[in-house]
Amino acid sequence: MSSKIKEKTLKKLKRKSFWPSIVLFLAFLLVSVTIVFAGINLFATYIIGSKMMGLYNQAMDTGVMVERFVQEGDSIPYAVANATRLSRNPSNVYLTDAEGRRVASTGGTAPVFSEQVEWSMGEEYTIYKDSKWDYGTEAMDDIEDIFEFHVPELANRVFDSTSMEPADGPGINRWMEESIIEQQFWIDVPVHLENRNLYIKCNLQIQRQDVIYIMGLGAVALILLFIPLIFLFINTILNIRMQRRVTKVLYMDPVTGGRNWLYFQGQAAKMLGSAWNSRKTYAMVNLHMERYTNYLSCYGSQQGEELLECMDGFLRARMKRKEVFGHYNGADFGLILRCEGANEEECEHYCYLRLRSLLAELAGLQPERKLHFHAGVCMIPPMEAERGNYFVRRTNLDIDQLFSFAHTAQQTSHNDAEQIFFFSERLLEEQNWEQWVEDNMHAALAAGEFQVYLQPKYTPTDGRLVGAEALVRWVCPERGVIPPGRFIPIFEENGFIMQLDDYMLSQIAKLQSEWKVQGKKTVPISVNISRAHFTQEGLAEHISRLVDGYGPKHQLIELEVTESAFFDDKEVLVDTVKQLRAYGFPISMDDFGAGYSSLNSLKDIPLDVLKLDSEFFRGEDEAGRGAVIVREAICLARELDMRVVAEGIEQRAQVDFLASLGCDMIQGFYFAKPMPVAEFEVRVAADA
Ligand code: C2E
Ligand code: MG
Ligand code: MG
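A short tour of the structure in this document, coming up. Since we're looking at a predicted model, the values are computed, not measured. Numbering of residues begins from 1 in every chain and follows the order in which that chain's sequence is written. Each chain is given a letter, starting from A, and each ligand a number, starting from 1, according to the order in which they appear as written. Predicted model: local features are reported for residues with pLDDT of at least 70 only, side-chain atom pairs are reported and counted for 80 or more only, and whole-chain, interface and lining totals are derived from all residues. Water and hydrogen atoms were dropped before computing side-chain values, which therefore reflect all heavy atoms in the structure.

A closer look at the coordination of the magnesium ion (ligand 2)
Applicable threshold: Note that water is not among the atoms used; donors are N, O and S atoms within 2.8 Å of the metal (3.2 Å for Na, K and Ca), so sites may look incomplete. Helix and strand assignments come from DSSP, with helices taken as H or I runs of at least 4 residues and strands as E runs of at least 2, each series counted from the N terminus. Burial status follows relative accessibility: with a 1.4 Å probe on protein chains alone, a residue under 20% of its type maximum counts as buried, one over 50% as exposed, and anything between as partly exposed.
Around the magnesium ion (ligand 2), the protein supplies Glu469 (OE), Asn528 (OD1), Glu560 (OE) and Asp590 (OD) as donor atoms, at distances of 2.0 to 2.3 Å. Between consecutive donor residues of the magnesium ion (ligand 2), the sequence gaps follow E-x58-N-x31-E-x29-D. Separating the magnesium ion (ligand 2) from the magnesium ion (ligand 3) is a gap of 4.0 Å, bridged by Asp590, which donates to each. Here Asp590 lies in strand E17 (residues 587–592) and Asn528 lies in strand E15 (residues 525–529), a separation of 62 residues in the sequence. For Asp590, a relative accessible area of 4% corresponds to the buried category.

Take a look at the structure:
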C-alpha cells in the first residue's frame, strides 16, 4: 500500500470512528437532559393544574350554594355563612359590592386585590394573594411562585420530617399523604348576585407523594435515556482506543519497532509546514549504514534487525524538541534536524558538526564490529514572505522530494573517509542528466544517434597516417553532439556500455570490410572495450564472432583496454587478453600512467601497444621529470616488444621529443581531432 493511500485510510478512520461518536454522544446527552426536564415540568404542571381544578370546582359549588340560598330568600351574610358551613371543604368567603368594598366575610383574612395573577387551565381564573398569608420562603413572595417548582427546595421538604399538615392513617401512607407545601389564595367565583363579587379562599396543598411521583418519573426517564447514552459512551471510548491502536500499528515500523516512514512523512510535513517553525532552518538528512547487506550475510538477519532497532533507540535519544526521524528502508533513516545559526553557512556548519558527532557515536554502537555510516543532507532554509519581514508557512513541501535530494547527496559518497554530503543544484542537475541518459539511450542506439568518430594516429618522424581510434559521439537532435565523458560513466554503471561497445566494434568491422571491398587504404583502428566487459563469460569468442560477421582481418581491429581494468579480476583479464591475441586482435593498454599505475600488469599480460596517457604531456614540466618517465616508459615498452602511442599531443615540440625517443605513433590534436568517418576517409585518401 502506498503511503498516500495509507494516509487517506487513516484520515477516513479518524473521521469515521472518533468525532461522529463524540458529537453524537454530546447531542444525545443534551437532548436527553432537555427531554427529562421538559417531562418533569409537564408532569408537575399537570399535577398542580388538576389540584387547582379541584379547588376551583369546590369554590364554584360554594358560590352556587350562596346563590341558591339568596334566591330562597336568605340574607346575603346568612347565605354566605350557611354555604360555607355546608361546603365539602369549608373555606373562607369574602363578598364585596361593585366598588370592591367588603359586604360580608368569614375568617379574618381578605384577598389583596392589587396582587393578582391570571391563570389558565382550559378557562381563565383570577387569583389573589391572601392578606395575612405568610408565603414562607422568600421565593414564594410573589403569587406566581405558587405554580413554580424549586427542585432543591422540594427535595428538601420531601425528606423533612416536619410536615405542614400531618395526614391520617397508618405508616407509609400517612407519610406519603402529608402535605409539604401549602399556599393560600383567593379565587374570584362568578355568581349572579346583584352588584356583588364573591371570593373564596383556597388552600393548595402539595403532598409528599406528588413530589415523589414527579421525581420518580424523572428518575425513570433519566435511567431509560441513560442506558443508550452509556452504550454510546462505551462505544465512543472503544472507538477512540481502537483508533489509537490502529494509529500505533500504522505508524510502527515492523523492523525497528519505532516510527516508520509514514509517521515521518506526516510529522515532517506538519512541523515544516507550521508558520511558527517557518522561521527556523531545518535539514533533511538521509542517514545510511554502508554495506548493510554484507553485515546481514555475515551476522544474519536477526542481528541485522537488532542493529536497526538499536539505531532507532539511539536516534530517539538524540533527537531534540521539534525534530523527527523515521525508518525508511534497509539501513536508511530519515531525519529532520533543527539548525541553529545566524546565516546559511552557520546553519550548515552546525548541521555538519551535529551529524559528525552522531555518526561517530553510531559507529561505536557495536565496538567489536566496524560500522560505517554516511549522511546526505538537504538544507531547508526559513521562509520569508515577499512583503514585509514576517514569516509564512512552507507550503507544498514534498517530503519525499526533499528526502530524495538528501539521498542523492548521500549516494555521492564513495569512500569511508568523507561521511557527510550536502545536496546542491549541481547534484540535482547530475541526477536529472543521468535520468535523461537512461531514459533515452536505447532509443538513441536504435535511431543511430551514436556515431563513430575517428581520431587518426600519425608517425612522429614522417607524419604518415598509420592508424586511428574509434571514439563515440552521441549526436542528439535536441542537444547536439554529446561527448563520451558525459555518458560513458553512466553506461558503465548501468551496463549499457556492453551494447554500445558491441555496436562500435561492429561499425568498425563493417567499415574495414567496406573499405577493403572498395579497394581503399585500410589502417588498424582501435576500439575501446570497457572494463565492464571482462565480467562477461566467453568475451573473446563473442568479439571474434561479432567481427567475423563482417569479415575484416582481425589485425585491423585493435582493442583498447584501460589500465584501470587490470585492477579488477586479473586472472579473468589475463585469460581473455590471451584468447583475444590468439584470435589475432592486437591489444593495447589505454591511459597508461593515469591514476594508480602498476608496472606489474605489464609483467603478467602480453600486450601489443602501450598508450601513454595524455596527462604526461599536460602542464609545466620545468624539471623535466615527466620527460624522464616518458623516456623510460618508451624504453620499457621496447624491451617488452610493444609499440608505443602517445595520446593528447598538441604541440610540435612534443612531437619532436617523442620522435627522438622512438615513439611509434602520435594521437593528438596537433595532427587531428576526432572526426566523422567521411572526413577520415578523405584524410586517408590524401595520405595514401
Ligand atoms: P580515450 O580512449 O583515452 O580516448 C582519448 C581521448 O582523448 C578522446 O576523448 C580524445 O578526443 C581525447 N584527445 C585526443 N587527443 C587529444 C589532445 O590533443 N588534446 C585533448 N585535450 N584531448 C585529446 P573523448 O573522445 O572525449 O573520449 C573520452 C574517453 O571516453 C575515451 O578516452 C574512452 O575512455 C571513452 N570512450 C570514447 N568512446 C568510447 C567507446 O566507444 N567505448 C568505450 N568503452 N569508451 C569510449
Ligand atoms: Mg582509448
Ligand atoms: Mg586514452
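Next, the rest of the story.
Observations regarding the sheet that holds strand E7 (residues 281–289)
Cut-off, in case you're wondering: One bridge is not enough; two strands pair if DSSP finds at least two bridges between them. Axis angles are defined between N-to-C directions and span 0 to 180 degrees, where every axis is a line fitted to C-alpha atoms and, for a helix, only to the segment in contact. Two residues form a contact once any of their heavy atoms are found within 4.5 Å.
As summarised here, the arrangement of the five strands in space is E8-E9-E7-E10-E11, forming an open sheet in which the pairing is mixed. Of all the strands in the sheet, just strand E8 (324–329) and strand E11 (420–422) have a single pairing partner and so form its edges. On average, each strand axis in the sheet is inclined to that of its neighbour by 25 degrees, with strand direction left out of account. The sheet contact formed by E7 and strand E9 (residues 332–339) spans eight bridges and is antiparallel. Paired with Leu287 across the bridge in E9 is Phe333. Packed on one face of the sheet, helix H10 (residues 344–363) meets E7, E9, strand E10 (373–380) and E11 and runs near 155 degrees to E10.

Considering the site of ligand 1
What counts, and what does not: Note on terminology: near, applied to a residue and a molecule or strand, indicates that one of the residue's heavy atoms is within 4 Å of it. Counted as a polar contact is a pair of N or O atoms within 3.5 Å, where, for protein atoms, one must be capable of donating a hydrogen and the other of accepting one, and residues adjacent in sequence contribute only when both atoms are in side chains. Per-residue and other accessible areas were derived by the Shrake-Rupley procedure at a 1.4 Å probe size, with only the shown protein chains allowed to occlude residues. Asp, Glu, Lys and Arg are counted as charged, while Ala, Val, Leu, Ile, Met, Phe, Trp, Tyr, Cys and Pro are counted as nonpolar; the rest, among them Gly, fall into the polar class.
Every one of the 24 residues lining ligand 1 counts as a neighbour, but Glu469, Asp501, Asp590, Glu650 and Phe669 are closest to it. Side-chain polar atom of Arg618 to a nitrogen atom of ligand 1: 3.3 Å apart, as the coordinates give it. The separation between a nitrogen atom of ligand 1 and a polar side-chain atom of Glu650 is 2.6 Å. Contact with the protein chains hides 80% of the accessible area of ligand 1, taken as 800 Å² for the molecule alone. Of all the secondary structure elements, the ones that give two or more residues to the shell around ligand 1 are strand E13 (465–476), helix H14 (497–517) and E17. The element that contributes the greatest number of residues to the shell around ligand 1 is E13, accounting for four residues. The residue inventory of the shell around ligand 1, partitioned by class, reads nine nonpolar, six polar and nine charged.

A few points about the coordination of the magnesium ion (ligand 3)
Coordination of the magnesium ion (ligand 3) by the protein comes from Asp590 (OD), Asp591 (OD), Glu647 (OE) and Glu647 (OE), over a distance range of 2.1 to 2.4 Å. Each donor residue of the magnesium ion (ligand 3) belongs to the same chain, and together they define the spacing D-D-x55-E.

Concerning a negative patch on the surface
Note the cut-off: Here the term patch refers to residues with relative accessible area over 30% and no salt bridge, with like charges joined within 9 Å and nonpolar side chains (Val, Leu, Ile, Met, Phe, Trp, Tyr) within 5 Å. When a carboxyl oxygen of Asp or Glu is within 4 Å of a side-chain nitrogen of Lys or Arg, the pair counts as a salt bridge. We score Asp and Glu as negative and Lys and Arg as positive, and we do not count His or the chain ends. Each charge is placed at NZ for Lys, CZ for Arg, CG for Asp and CD for Glu.
A grouping of Glu434, Glu438, Asp439, Glu492 and Glu493 is seen on the molecular surface, where their side chains present a negatively charged patch. When residues of the negative patch are traced back to their parent elements, those giving at least two are helix H12 (425–446) and helix H13 (488–494). It is H12 that provides the largest number of residues to the negative patch, a total of three residues. Following the sequence through the fold, Glu438 ends up in helix H12. Glu438 gets classed as partly exposed once you look at its relative accessible area, which sits at 34%.

Let's talk about the packing of helix H2 (residues 19–71) against helix H3 (residues 76–86)
Our working definition: In these notes the angle categories are as follows: under 35 degrees is roughly parallel, over 145 is roughly antiparallel, 65 to 115 is roughly perpendicular, and the rest is oblique. Working rule for handedness: look at the near helix, and if it is turned counterclockwise from the far one by less than a right angle, call the crossing left-handed; if clockwise, right-handed.
Two elements in contact, H2 and H3, have axes separated by 8 Å at closest approach and are oriented at 140 degrees. With respect to H3, the axis of H2 lies oblique. H2 and H3 meet at a crossing whose hand is right-handed. Within the contact between the two elements, H2 uses Thr62, Met65, Val66, Phe69 and Val70 and H3 uses Ile76, Ala79, Val80, Asn82, Ala83, Thr84 and Leu86.

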